Amino acid sequence: MNDDAMQEIEQSIAHAAEDLAPLYAHGVEDRPDGVMASAPNTDQVIAAQELLITVMLPGRSFEAGRRGHVLSPFFAEKLRSASELLLPEIELALPFQWLGAAARSEGAERQTADRRRSAGIFEQFLQRLPDVRKLVVDDIRAAYNGDPAALSYAEVKLSYPGVLAITSHRLAHELYRLGVPVIPRIMSEHVHGHSGIDIHPGARIGRGFFIDHGTGVVIGETTEIGERVKLYQGVTLGAKSFPLDAEGHPVKHIKRHPTVEDEVVIYANATILGGETVIGARSIVGGNVFLVKSVPPDSLVTRRPGDLSVRTREGDERV
Amino acid sequence: MNDDAMQEIEQSIAHAAEDLAPLYAHGVEDRPDGVMASAPNTDQVIAAQELLITVMLPGRSFEAGRRGHVLSPFFAEKLRSASELLLPEIELALPFQWLGAAARSEGAERQTADRRRSAGIFEQFLQRLPDVRKLVVDDIRAAYNGDPAALSYAEVKLSYPGVLAITSHRLAHELYRLGVPVIPRIMSEHVHGHSGIDIHPGARIGRGFFIDHGTGVVIGETTEIGERVKLYQGVTLGAKSFPLDAEGHPVKHIKRHPTVEDEVVIYANATILGGETVIGARSIVGGNVFLVKSVPPDSLVTRRPGDLSVRTREGDERV
Amino acid sequence: MNDDAMQEIEQSIAHAAEDLAPLYAHGVEDRPDGVMASAPNTDQVIAAQELLITVMLPGRSFEAGRRGHVLSPFFAEKLRSASELLLPEIELALPFQWLGAAARSEGAERQTADRRRSAGIFEQFLQRLPDVRKLVVDDIRAAYNGDPAALSYAEVKLSYPGVLAITSHRLAHELYRLGVPVIPRIMSEHVHGHSGIDIHPGARIGRGFFIDHGTGVVIGETTEIGERVKLYQGVTLGAKSFPLDAEGHPVKHIKRHPTVEDEVVIYANATILGGETVIGARSIVGGNVFLVKSVPPDSLVTRRPGDLSVRTREGDERV
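Residues numbered from 1 in each chain as written. Chains lettered and ligands numbered in written order. Predicted model: local features only at pLDDT ≥ 70, side-chain atom pairs only at ≥ 80, totals over all residues. Heavy atoms only, no water.

## Digging into the overall build of chain A
Here is step 1: A tally of helices and strands in chain A yields 8 helices and 16 strands.
Here is step 2: Projected onto the principal axes, the alpha-carbon positions of chain A cover approximately 70 × 55 × 55 Å.
Here is step 3: Sorting the 319 residues of chain A into buried and exposed places 63% on the buried side.
Here is step 4: Intrachain contacts of chain A at a sequence separation of at least 6 include 46% that bridge at least 24 residues.
Here is step 5: Of the accessible surface of chain A, which amounts to about 11,900 Å², a share of 50% is contributed by carbon and sulfur atoms.
Here is step 6: In chain A, 34 positive and 43 negative side-chain charges are present, and the distance between their average locations comes to 10 Å. (Helix = DSSP H or I, 4+ residues; strand = E, 2+ residues; numbered from the N terminus. Buried < 20%, exposed > 50% of the residue type's maximum accessible area, 1.4 Å probe, protein only. Contact = heavy atoms within 4.5 Å. Areas by Shrake-Rupley, 256 points an atom, 1.4 Å probe, with all protein chains shown as cover. Lys, Arg positive; Asp, Glu negative; His and termini not counted. Charge placed at Lys NZ, Arg CZ, Asp CG, Glu CD.)

Here it is in structure tokens:
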């Protein structure tokens, strides 16, 4: 490019940068003074998340396979790296606690408290890991037994997005329960991006959970799922509408997603909505069903027979 | 591996490479002589795209958060890098303009023209950025107010795929309007890969747009969307069938995707098709609906009550 | 962080690592002694996969575009790198062959056999590549002719996830047919993660196949698809329920996914299930249809007219 064109672009860049700068305090900042606060660094969070997933699911890791029986130092090493990455981010995340309309305290005092609190949270989190691993083992088994195409446990661990998603969810859910803001959502979104499975860290999910294929699955924040439940791709466990407060903002923290009891199976692309919707134990929900009501245990919910029109050369038919 | 086996593989590689070479002019090249033209480098385009998203949405960037109020030099720096990456790619993209059956001029003259044109396009693009940022601010607000699970603006910026997708779309749409071929589609596909949200750069989308969860959303090229519209995951705004020209190729550039007016809400996995389909303002379209007709303003479109069959131990029921 | 807090975390890490170590032989390991076997390294497999995709689809590669007509050395180079990456992984994968309940032979003898077998498999794979490329050419053409939004072949190659997914599938399917375990599934899952399109490597797919948009598409292991078939996003070709063996494990290797004959078009979010379901040639299946029965050639399958309820200010209507 000649110098003139380059210089014009340089000027346009300078103008754009100048015009853009004042557009960054528009009531979409979390600090009342409109300054962008230092939110957690997503790259660090995701790096820690990958290490924690490796510890929960070492069968995904070539390195772990090479170590054979001697996994304890391998775990210690990975957990040490994860703590170095995650601790400062938890500290940065704590000020983003939801306080409704309340203003936040600032300054050095707050920072010291957050530092202490983040260390305490991380310790509790570490203590939960062996129990999380026990859940992951059951989830792997559920995947292997839930899909005729699975020919080895290695295949399940290395290539099942549902196994990855539930493992990551079980970790994120522990951080959510310990009151860490933002970070569990960064984690769930990272796995959502890779697997198409969007499980809010708040969802409570029982043992032996299996999502097959998984793309398009959405499990909302206040969903409760029993044991040995199986979902296929495209299943939504979501909210209907939701109440607004006096200022027109949605009211937070109310139960607005379904309850799914033990041993339910939900087929592809079914949408189930509402905080009062309960799918009774051992029920089967067919594909492409849209359901906003409870059904008792042992129900079979399907699209009504005859709801399709099939036009052929021989004439029309309903199936 | 022993030397014999290795040598056999070497020979197989040489054979395969030789047999493959003549298979690359098969009428799927854009140049009439069957030579592969130098298309834009996707890696460069994506790197530029990430920088531009950071400028539109600095709340996603840890670095920007650290800079606090002094964002103007930060923006200039990112825009400079983006221009270095994107300018040569725009130049490479221009020859891929769709010309129907017309042949393309080649050679040095064309190249000089493309170079000049790409600089002009990029300047106009830079001038549009402050307006794009204003749209992005409204989109962030729409997400925060549209989801009870959103507890801070930081959470929305760092973990909402719908916010990422619409931000990237608003940038790609500017390049599309300025007549840049191929590159806007590389950008939309990059975000599609990460978010599962596929918005064609041609789609015209009003202020305050929010896609929740988003996986499986498809918004076609000639879609028009009003202000304050909200979509959930799996919603398709697509084409029915389309006319073919005399050579059997589809006719390009006709309106074939729906129009969605202001303040419409469309629930999960609804499919709406057709260029003449208009969803009137303030309408609500329920989950899993398949709709190929217009509905007037203030409509509520749902699957018909009673279209589900529920078999329980107590007997059958329709809900 | 002060030293005390750091030391406490160090101790928690050591405890967690110790408690976790014995939790790794829980009947979810493929070796009867509960030791994790060395499964293939997914990073290496994916790197090889990317190289093979580049050879099949050089139009995606900036480097290939620069080489113009002289592609044979380019291919040889990429294939050589792919073989160096993939050969050791095929060798590692072979012991994961599904043997039902049978125990596996171990030791040096087995390893030598696997090494020889993996070289033989890779040679056969290389010989198939020219035929695979011919299929890919037809797939590119099908995409270009199947979407009015496609304005150049470059656009199709650089930004169509369906083209990427079918190219990768045609490669993975060859390895599947040659009896390689696990690796084809790692490949299909890699592309699933990027495109949202989940094609099991076992699926048999005819020439000129096009998936538009693609997010949420699932094509099961025993699916058979004819020539010139077109699918839109969210289409499932899946299994109904499946029989269990005496130990409660699903019976493997039976036909449980649909057959789709030539020139069928299936619109967005349709779910078609069952190993005995045949969609006759030239049929059209509408969006959001749930179908578990065969339909004859030339059928048009849609949701029944009148199955939607539209409530407007003027009253209720069925459409």
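## Looking at the packing of aromatic side chains
Here is step 1: In this structure the tally under the stated criterion is 18 aromatic pairs over all chains.
Here is step 2: Geometrically, the ring pair formed by Tyr160(B) and Phe210(B) is tilted, given 6.4 Å between the ring centres and 35 degrees between the ring planes. Linking Tyr160(B) in the loop between helix 6 (153–159) and helix 7 (161–177) with Phe210(B) in strand 3 (residues 210–211), this pair joins segments that are 50 residues apart in sequence.
Here is step 3: An aromatic cluster is built from Tyr24(A), Phe74(B) and Phe75(B), whose rings are joined through pairwise contacts.
Here is step 4: Cation over ring: Lys252(A) sits above Tyr144(B), and NZ or CZ is 4.7 Å from the ring centre. (Phe/Tyr/Trp six-rings, centres within 6.5 Å; stacked < 30°, edge-to-face > 60°. Lys NZ or Arg CZ within 6 Å of the ring centre and 35° of its normal.)

## Describing the sheet that holds strand 1 (residues 198–199) of chain C
All names here are of chain C.
Here is step 1: Strand order in the open sheet made by the 5 strands is 1-4-7-10-13, with parallel pairing throughout. Each edge of the sheet is formed by a strand with only one pairing partner; in this case those strands are strand 1 and strand 13 (290–291).
Here is step 2: Across 2 bridges, the pairing between strand 4 (residues 218–219) and strand 7 (residues 236–238) is parallel. Opposite Val 218, over in strand 7, you have Thr 236 as the bridge partner. (Pairing = 2+ DSSP bridges.)

## Digging into the relation of the copies chain A and chain B
Here is step 1: Here chain A sits on chain B after a turn of 120 degrees about the axis and a move of 0.0 Å along it, with an RMSD of 0.0 Å. In the structure described here, the two chain copies are related by an operation that fits a three-fold rotation axis.
Here is step 2: By residue overlap, the copies meet through two different surfaces: only 8% of the interface positions of chain A are interface positions in chain B. (Least-squares fit on C-alpha atoms with pLDDT ≥ 70 in both.)

## Here we look at the relation of the copies chain A and chain C
Here is step 1: Each copy superposes on the other: chain A lies on chain C with an RMSD of 0.0 Å after a rotation of 120 degrees and an axial shift of 0.0 Å.
Here is step 2: An overlap of only 8% is found between the interface residues of chain A and their copies at the interface of chain C, pointing to separate contact surfaces.

## Considering the interface of chain A and chain B
A common way to report how large an interface is uses the accessible area buried once the components associate.
Here is step 1: At the junction of the two partners, chain A supplies 75 residues and chain B supplies 71 residues.
Here is step 2: The junction of chain A with chain B conceals about 6,300 Å² of combined surface from both sides, 61% of it contributed by carbon and sulfur atoms.
Here is step 3: A salt bridge links Lys157(B) to Glu29(A), with the shortest nitrogen-to-oxygen separation between them at 3.0 Å.
Here is step 4: The interface formed by chain A and chain B contains 24 residue pairs in polar contact (both at pLDDT 80 or more). (Buried area = accessible area lost by both parts, 1.4 Å probe. Salt bridge = Lys/Arg side-chain N within 4 Å of Asp/Glu carboxyl O. Polar contact = N/O pair within 3.5 Å; in protein donor to acceptor, adjacent residues only side chain to side chain.)

## Describing the packing of helix 2 (residues 42–56) of chain C against helix 7 (residues 161–177) of chain C
Residues and elements named next belong to chain C.
Here is step 1: Helix 7 packs onto helix 2 with a crossing angle of 110 degrees between their chain directions and a minimal axis gap of 10 Å. In terms of orientation, helix 2 lies roughly perpendicular with respect to helix 7. In this structure, helix 2 contributes Gln 49, Leu 52, Ile 53 and Met 56 to the contact, and helix 7 contributes Leu 164, Thr 167, Ser 168 and Leu 171. (Axes fitted to C-alpha atoms, helices over the stretch in contact; angles between N-to-C directions. Parallel < 35°, antiparallel > 145°, perpendicular 65-115°, else oblique.)

## Overview of the environment of Thr54(B)
All names here are of chain B.
Here is step 1: Examined against the element boundaries, Thr 54 turns out to sit in helix 2 (residues 42–56).
Here is step 2: Along the primary structure Thr 54 and Phe 74 are separated by 20 residues, whereas in three dimensions their C-alpha atoms are 10.0 Å apart.
Here is step 3: Every residue in contact with Thr 54, bar those within four places of it in the chain, is listed here: Ser 61 and Phe 74.

## As for the domain arrangement of chain A
Residues and elements named next belong to chain A.
Here is step 1: Domain annotation of chain A identifies domain 1 (24–196) and domain 2 (216–319).
Here is step 2: Listed as interface residues are 4 residues of domain 1 and, on the opposing side, 6 residues of domain 2.
Here is step 3: For the pair domain 1 and domain 2, the summed buried surface comes to about 410 Å²; carbon and sulfur atoms form 47% of the total.
Here is step 4: Taken as a group, Trp 98, Tyr 176 and Gly 196 account for 75% of the area that domain 1 buries against domain 2, more than any other trio of residues on that side. (Domains from an automatic or database assignment.)

## Considering the environment of Tyr24(C)
Here is step 1: Tracing the sequence through the fold places Tyr24(C) in the loop between helix 1 (3–20) and helix 2.
Here is step 2: In sequence terms Tyr24(C) and His69(C) are 45 residues apart; their C-alpha atoms lie 54 Å from each other.
Here is step 3: For Tyr24(C), the residues in contact, after removing those within four places along its chain, are Val55(A), Met56(A), Pro58(A), Leu71(A), Phe75(A), Arg133(A), Glu29(C) and Gly34(C).

## Quick look at the interface of chain A and chain C
Here is step 1: On the side of chain C, 75 residues touch chain A, which itself brings 71 residues to the contact.
Here is step 2: Buried surface at the junction of chain A and chain C, summed over both partners, amounts to about 6,300 Å²; 61% is from carbon and sulfur atoms.
Here is step 3: Our count for the contact surface shared by chain A and chain C stands at 4 salt bridges.
Here is step 4: The tally of links between chain A and chain C comes to 23 residue pairs in polar contact (both at pLDDT 80 or more).
Here is step 5: When contributions to the side of chain A that touches chain C are tallied by element, the ones reaching two or more residues are helix 2 (42–56), helix 3 (62–67), helix 4 (72–93), helix 5 (107–146), helix 6 (153–159), helix 8 (183–195) and strand 15 (308–312) of chain A.
Here is step 6: Per-element tally for the side of chain A that touches chain C: the top contributor is helix 5 of chain A, with 16 residues.
Here is step 7: Within the side of chain A that touches chain C, the residues separate by chemical class into 33 nonpolar, 21 polar and 17 charged.
Here is step 8: Looking at chain direction, strand 15 of chain A and strand 14 (residues 300–303) of chain C are connected through 4 bridges and run antiparallel. Bridge pairing in strand 14 of chain C links Leu308(A) to Arg303(C). (Nonpolar A, V, L, I, M, F, W, Y, C, P; charged D, E, K, R; others polar.)

## A short note on the environment of Val301(B)
Here is step 1: Its location among the elements puts Val301(B) in strand 14 (residues 300–303).
Here is step 2: With 12 residues separating them along the chain, Val301(B) and Val289(B) place their C-alpha atoms 7.8 Å apart.
Here is step 3: Once residues within four sequence positions are removed from consideration, Val301(B) is found in contact with Ile284(B), Val285(B), Gly286(B), Val289(B), Leu291(B), Val295(B), Leu308(C), Ser309(C) and Val310(C).

## Brief notes about the side chain of Thr271(B)
Here is step 1: Note that Thr271(B) resides in strand 10 (residues 271–273).
Here is step 2: Using a relative accessible area of 1% as the deciding quantity, one classes Thr271(B) as buried.
Here is step 3: A polar contact of 2.4 Å, which involves the side chain of Thr271(B), links it to the side chain of Asn288(C).
Here is step 4: The contacts of Thr271(B), once residues within four sequence positions are left out, are Thr236(B), Val289(B), Phe290(B), Leu291(B), Ala268(C), Asn269(C) and Asn288(C).

## Considerations on the sheet that holds strand 7 (residues 236–238) of chain A
Here is step 1: What the 5 strands build is an open sheet, ordered 1-4-7-10-13 (chain A); its pairing is parallel. Of all the strands in the sheet, the pair left with one neighbour each is strand 1 (198–199) and strand 13 (290–291) of chain A.

## Describing helix 1 (residues 3–20) of chain A
Residue and element names in this part refer to chain A.
Here is step 1: With 18 residues, helix 1 should reach 26 Å at 1.5 Å per residue; the first-to-last C-alpha distance of 26 Å fits that figure.
Here is step 2: Among all positions in helix 1, only Ala 5, Ile 9, Ser 12, Ile 13, Ala 16, Ala 17 and Leu 20 are buried. Down the axis of helix 1, the buried side of the element spans an arc of 130 degrees, and every buried residue falls inside it. Away from its buried face by more than 90 degrees, helix 1 exposes Asp 3, Asp 4, Gln 7, His 15 and Glu 18. (Expected span 1.5 Å × (residues − 1). Arc of directions from axis to C-beta.)

## A closer look at the side chain of Asp212(B)
Residue and element names in this part refer to chain B.
Here is step 1: As for its placement among the helices and strands, Asp 212 is situated in the loop between strand 3 and strand 4 (218–219).
Here is step 2: Here Asp 212 is buried and forms no salt bridge, its nearest opposite-charge partner Lys 230 lying at an N-O distance of 6.0 Å.
Here is step 3: Non-local contacts of Asp 212, meaning those with residues more than four positions away in its chain, are made with Asp 147, Tyr 160, Leu 231, Tyr 232 and Gln 233.

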